[in-house]
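# Topology and contacts: notes
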Amino acid sequence: DTAVSQTPKYLVTQMGNDKSIKCEQNLGHDTMYWYKQDSKKFLKIMFSYNNKELIINETVPNRFSPKSPDKAHLNLHINSLELGDSAVYFCASSVQGGYTFGSGTRLTVV
Amino acid sequence: SQKIEQNSEALNIQEGKTATLTCNYTNYSPAYLQWYRQDPGRGPVFLLLIRENEKEKRKERLKVTFDTTLKQSLFHITASQPADSATYLCALDISGNNRLAFGKGNQVVVIP
């Protein structure tokens, strides 16, 4: 019954690897987002999709590539992982107003 | 530059008292402002939204005010309880299409 679910919850990987994080929402929302929360707890938007179309692409390295196969899913693929990519990544969805966030994926690059 | 500022120091408050948090912003003209609660290891949870033409919004023991002249929002938790201990984030709609920018959050610790 989870509204916004992300997998995996934890991800530990070596520098240079490629990894993906998956997100699914069952709320029927049109818009989905990826946010990054760094070690200082600052939440920063990375991407936003509306009905499978990219509408926001912040200044994010092109190693990060979102993919939305349908409006209920927004996945995040990261190539050539770097130490600085270590953070918690949150998926969220909204229709208007308040966001519903997933529980986060803690990515640790070693 | 654009900033959203919340107090970085934790607010320690006795149970039963009112906790008041401040969110100040510069160089934004948000159509609305939102408040979220975040517990350790969890995602933020939406609490309240207040529009630019609203002065005050209430939900149970929570109250939010929004002063677009001062560019400030106040968030109050009345009759605080230990279960209210968490980090509270303010967020602004910065583009008119529900794109949110978040403050860093303010931790509240309610002491029994």
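One structure accompanies this document, and this report is about it. (Residues numbered from 1 in each chain as written. Chains lettered and ligands numbered in written order. Predicted model: local features only at pLDDT ≥ 70, side-chain atom pairs only at ≥ 80, totals over all residues. Heavy atoms only, no water.)

## Structural notes on the sheet that holds strand β3 (residues 19-25) of chain A
Residues and elements named next belong to chain A. If you trace the four strands from one edge of the open sheet to the other, you get β1-β3-β8-β7, paired in antiparallel fashion. In this open sheet, the two strands that pair with only one neighbour each are β1 (4-7) and β7 (64-70). Between one strand axis and the next, the sheet turns through 20° on average, direction left out of account. (Pairing = 2+ DSSP bridges. Helix = DSSP H or I, 4+ residues; strand = E, 2+ residues; numbered from the N terminus. Axes fitted to C-alpha atoms, helices over the stretch in contact; angles between N-to-C directions.)

## Some thoughts on the interface of chain A and chain B
It is common to report an interface's size as the accessible area lost on association of the parts. Taken together, the contact pairs 20 residues of chain A with 16 residues of chain B. Here chain A and chain B share an interface that buries about 1,400 Å² over both sides, 53% of which is from carbon and sulfur atoms. Its largest share of buried area at the contact with chain B, chain A owes to L43(A), Y99(A) and F101(A), together 30% of the area lost on that side. Remark: the boundary between chain A and chain B carries zero salt bridges. Counting across the interface, chain A meets chain B through five residue pairs in polar contact (both at pLDDT 80 or more). With three residues, strand β4 (residues 31-37) of chain A is the largest single contributor of residues to the side of chain A that touches chain B. Among the residues forming the side of chain A that touches chain B, the class breakdown is nine nonpolar, seven polar and four charged. (Contact = heavy atoms within 4.5 Å. Buried area = accessible area lost by both parts, 1.4 Å probe. Salt bridge = Lys/Arg side-chain N within 4 Å of Asp/Glu carboxyl O. Polar contact = N/O pair within 3.5 Å; in protein donor to acceptor, adjacent residues only side chain to side chain. Nonpolar A, V, L, I, M, F, W, Y, C, P; charged D, E, K, R; others polar.)

## Things to note about the pairing of strand β11 (residues 106-111) of chain B
Residue and element names in this part refer to chain B. Across the two faces of β11 the burial differs, with N106, V108 and V110 buried and Q107, V109 and I111 not buried at all. Pairing between strand β2 (residues 11-14) and β11: four bridges, direction parallel. When the sheet's bridge partners are listed, L11 is paired in β11 with V108. The pairing of strand β9 (residues 86-93) with β11 spans three bridges and is antiparallel. Bridging from a neighbouring strand, T87 pairs with Q107 of β11. (Buried < 20%, exposed > 50% of the residue type's maximum accessible area, 1.4 Å probe, protein only.)

On their own, these measurements won't tell you what the molecule is for.
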